[in-house]
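Below, each chain spelled out in residue letters.
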Amino acid sequence: SSGINAEWPLRPGAGSATEEAEIEVTHSAGYSDWTDWTPCSADCEGTRTRSRFCNNPPPTPGYPSCPQDIETETERCGADRCPGFSTWSDWEECSKECGYGTRIRTRQCDSPPPEIGGPQCEGLSVETKVCYIKKCPKRIDGNWSVWSRWSDCSVPCGTGTQRRSRTCTDPVPSNGGATCEGPGHESRSCVLKAVCTRKSVLDSWNTWSECSAACGGGTQRRTRGQCEGEECAEDEVQVRDCNTMDCARRKRKRLRSGTIQVSESPKSPVSIRLEVGETDICLSTKMMIGKSYSLVDTDTAQIYGTVTKDGTYSSLTLYSRRSSLTLENLDSNLPSNVGAVIIRRKNNKVVLKGDLFKLDVVQSKDGGLMVQIVQLDPEATGLLGLLNSVNNSSQIVEKSGKKKILRHDGINYLLEKSKKQSCFELSNEKYSSRILGSINNFLDNES
């Protein structure tokens, strides 16, 4: 800086109005404005600086200068504290029990943890190193054993299946060796020349499995031969319905301290028609209305019918191999076959043709289904098989206008013209029970 220095009072000159003064001029250096702050040196716990320079004005020789040529200020910046890693964990065990593997150790960014929106820890959180425990034993790939001998044919007669197997045990794969490739089982068809009878066919089947449901409709399954599960061919498996009773009928109801068992519906009389020669015979037996009874049972198919009071069926269910069909009326669309059973529609009836039977299914005026036997082999069992057997083993030995004699199994039965229907009836109930006793036994045991 500069200035004027004057000393007073002024001294007047003799005879002059001029004033005399003593003046002193000075000059000093100064600082510039501060620069902008430098970028922060770190995201956390960093610093930044700014400077100013002695150039406003610059120093002049012989005059005062700034205390220092450059003046600098420093301040902290960034997050108040940096996140840090915890100490390393212990090394984990080697990843391989033999040969070369790896071991790892870890640490966490929690000492302290990063602030929200702040920087993260810098560096690795996982370290890996190679490890070696011991030399590995030799790898052994698996190999198949020799094939077993072919099993016996799955049927006692006709066409069946033979099986053989092998195991991946020669040797067993070990030490990471590969397993065997290819099938462990083989099957082939076999044909036995023995004549098939119903008894021989039934004897070849294993027992039925337990029903899959206690009520409400379940299924039972049986096989023959040595097949198991999905390995079974179609001719080695049979499936049928079981426990079709309504579950509500099985519920127990408690009344005060007692227990009431809700029982099934009682059996009701159901009419059955037989035709012996040219004589139409009306029979009656007690059956459970709404229950499904076995009508035809052969080696390849089973037919069940749900009985109504008039002797017709509200529905028919057909099982063959692994397929099934329920028929409730003749207007529904039908497949060309169910398993081994051929289905054809002819005029107002449906024809079912299996290996041991040919049946016509027609609809009554009341809407029930009636089954008429066209051809039924003696080897077929079921209600229709039993009635067919009774029919084939019976004959009319004596005829008159209103009475006839029916001979069945060497026993004569008196038939009288029915007063209510256009047929003949057994004249004495005890005689009818002698014929129908076998039918009732069949229904109790097989349905």
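Please refer to the structure placed before this passage.
Note that the structure is a prediction, hence the values are computed from the model and not measured.

1. Some thoughts on the environment of Ser320
And then number 1: For Ser320, the position within the fold is in strand β15 (residues 313-320).
And then number 2: A residue is classified by how much of its surface remains accessible, and Ser320, at 0% relative accessible area, is buried.
And then number 3: With 81 residues separating them in the primary sequence, Ser320 and Val239 have C-alpha atoms 7.9 Å apart.
And then number 4: Apart from the residues lying within four places of it in its own chain, the contact partners of Ser320 are Thr300, Ala301, Val338, Gly339, Ala340 and Val341.
And then number 5: Only 2.8 Å separates the side chain of Ser320 from the backbone nitrogen of Ala340, close enough to count as a polar contact.

2. Some points on the layout of surface pockets
And then number 1: Of the voids in this model, the largest pocket is the one considered here, and its volume is about 920 Å³.
And then number 2: If you trace the largest pocket, you find 28 residues lining it, with Ile272, Arg273, Leu274, Met370 and Val371 closest to the centre.
And then number 3: Listed by contribution, the elements that provide at least two residues to the lining of the largest pocket are β11 (268-276), β12 (279-287), β21 (369-376) and α2 (383-392).
And then number 4: With six residues, the top contributor of residues to the lining of the largest pocket is β11.
And then number 5: Grouping the constituent residues of the lining of the largest pocket by class yields 13 nonpolar, nine polar and six charged.

3. Looking at empty space enclosed by the protein
And then number 1: Following the criterion strictly, the structure yields two cavities of 30 Å³ or more and no others.
And then number 2: Volume-wise, the largest cavity comes out at about 70 Å³.
And then number 3: Residue lining of the largest cavity: Ile303, Leu316, Thr317, Leu318, Leu325, Leu327, Ile343, Leu352 and Val361, and that is the complete set.
And then number 4: Looking at the lining of the largest cavity, the elements that each hand over two or more residues are β15 and β16 (323-327).
And then number 5: Ranked by the residues each element gives to the lining of the largest cavity, the list is headed by β15, at three residues.
And then number 6: Partitioning the lining of the largest cavity into residue classes produces eight nonpolar, one polar and no charged.
And then number 7: Its boundaries defined by the atoms lining it, the second largest cavity holds a volume of some 30 Å³.
And then number 8: Every residue along the wall of the second largest cavity is listed here: Ala79, Arg81, Cys82, Pro83, Pro112, Pro113, Pro114, Glu115 and Pro119.

4. With respect to the pairing of β21
And then number 1: In terms of strand pairing, strand β20 (residues 357-363) meets β21 through seven bridges, oriented antiparallel. Within β21, the position partnered with Gln363 by the bridge is Leu369.
And then number 2: Here β20 folds back onto β21, and the loop between the two strands holds five residues, one of which, Gly367, carries a positive phi near 95 degrees.

5. So, unusual backbone geometry
And then number 1: Omega for the bond connecting Ser111 with Pro112 falls within 30 degrees of zero, at -5 degrees, which places this linkage in the cis form.
And then number 2: Tracing the chain through its elements places Pro112 in the loop between β3 (100-106) and β4 (126-132).
And then number 3: The amide bond that connects Asp170 to the next residue, Pro171, takes the cis arrangement and shows omega of 0 degrees.
And then number 4: Looking at where Pro171 falls in the secondary structure, it is placed in the loop between β5 (158-165) and β6 (185-192).
And then number 5: One non-glycine residue, Asn175, adopts positive backbone phi at about 55 degrees.
And then number 6: In this fold, Asn175 is placed in the loop between β5 and β6.
And then number 7: For Asn175, a relative accessible area of 44% gives the class partly exposed.

6. Let's talk about the pattern of salt bridges
And then number 1: Summed over the entire model, instances satisfying the criterion amount to seven salt bridges.
And then number 2: Where Lys349 meets Asp360, a salt bridge forms, and the shortest distance between an N and an O atom there is 3.2 Å. Here the residue Lys349 occupies a position in strand β19 (residues 349-353), and Asp360 occupies one in strand β20, the gap between them amounting to eleven residues.
And then number 3: A residue is classified by how much of its surface remains accessible, and Lys349, at 23% relative accessible area, is partly exposed.
And then number 4: Exposure remark for Asp360: the relative accessible area of 9% places this residue in the buried category.

7. Focus: a nonpolar patch on the surface
And then number 1: On the surface, a cluster of nonpolar side chains totalling about 380 Å² of accessible area is made up of Tyr100, Val130 and Tyr132.
And then number 2: Mapping Tyr132 onto the fold places it in strand β4.
And then number 3: For Tyr132, a relative accessible area of 43% corresponds to the partly exposed category.

8. Topic: the state of the cysteines
And then number 1: Under the criterion given, the structure shown has eight disulfides.
And then number 2: One disulfide in the model links Cys109 with Cys121; its S-S distance is 1.9 Å. Because the sign of the S-S torsion sets the handedness, a value of about 80 degrees for the bond joining Cys109 and Cys121 places this disulfide among the right-handed ones. Of this pair, Cys109 sits in the loop between β3 and β4 while Cys121 sits in the loop between β3 and β4, and the two are twelve residues apart along the sequence.
And then number 3: The partner cysteine of Cys153 in its disulfide is Cys190, sulfur to sulfur 1.9 Å. Looking along the S-S bond of the Cys153-Cys190 disulfide, the torsion reads about 85 degrees, which is the right-handed sense. Within this pair, whereas Cys153 is found in the loop between β4 and β5, its partner Cys190 is found in strand β6, the two being separated by 37 residues in sequence.
And then number 4: Look at Cys190 and you get buried, because its relative accessible area is 7%.

9. Topic: the packing of aromatic side chains
And then number 1: In the structure shown here, the tally under the stated rule is two aromatic pairs.
And then number 2: Each ring, one from Tyr304 and one from Tyr319, has its centre 5.9 Å from the other, and the planes form 85 degrees; the classification is edge-to-face. Note that Tyr304 is positioned in strand β14 (residues 302-307) and Tyr319 in strand β15, a separation of 15 residues in sequence.
And then number 3: Judged by its relative accessible area of 8%, Tyr304 is buried.
And then number 4: Among the residues examined, Tyr319 registers a relative accessible area of 7% and is labelled buried.
And then number 5: The ring of Trp91 carries the charged tip of Lys129 above its face, separated from the ring centre by 4.4 Å.
And then number 6: Sitting over the ring of Trp208, Arg240 keeps its end group 4.2 Å from the ring centre.

What counts, and at which threshold
Numbering of residues starts from 1 in every chain and runs along the sequence as written. Per-residue local features of the predicted model are confined to residues with pLDDT of at least 70, and side-chain atom pairs are confined, for both listing and counting, to 80 or more; whole-chain, interface and lining totals are unaffected and use all residues. Values shown for side chains rest on all heavy atoms present in the structure; no hydrogens or waters enter the calculation. Going along the chain from the N terminus, every DSSP run of H or I of four or more residues is numbered as a helix, and every run of E of two or more is numbered as a strand. Between buried and exposed lies partly exposed: a residue is buried under 20% and exposed over 50% of the maximum accessible area for its type, with that area taken using a 1.4 Å probe on protein chains only. Any two residues having at least one pair of non-hydrogen atoms within 4.5 Å are treated as being in contact. Think of a polar contact as two N or O atoms within 3.5 Å of one another; within protein, one of them needs to be a possible hydrogen donor and the other a possible acceptor, and neighboring residues in sequence only count if both atoms come from side chains. The method works on a 1 Å grid over the protein atoms by themselves. A cavity is a set of points holding a 1.4 Å probe that cannot get out, a pocket is an open set with protein on both sides within 12 Å along at least five of seven lines, and residues with an atom within 4 Å of a point line them. Grid points are joined across faces, edges and corners, and a volume is the space filled by probe spheres set on the points. Classes in brief: Ala, Val, Leu, Ile, Met, Phe, Trp, Tyr, Cys and Pro nonpolar; Asp, Glu, Lys and Arg charged; the others, Gly included, polar. A pair of strands is labelled paired if DSSP reports no fewer than 2 bridges between them. When a carboxyl oxygen of Asp or Glu is within 4 Å of a side-chain nitrogen of Lys or Arg, the pair counts as a salt bridge. Like-charged residues are merged into a patch within 9 Å and nonpolar side chains (Val, Leu, Ile, Met, Phe, Trp, Tyr) within 5 Å, provided each residue has over 30% relative accessible area and no salt bridge. Each accessible area is a Shrake-Rupley estimate made with a 1.4 Å probe; only the visible protein chains count as cover when residues are assessed. When the sulfur atoms of two cysteines come within 2.5 Å, that pair is taken as a disulfide. Only Phe, Tyr and Trp rings take part, Trp by its six-membered ring, and two of them pair if their centres are within 6.5 Å. Stacked means planes under 30 degrees apart, edge-to-face means over 60, and tilted covers everything else. Think of it as a cone above the ring: NZ of Lys or CZ of Arg counts as a charge over the ring if it is within 6 Å of the ring centre and within 35 degrees of the ring normal.

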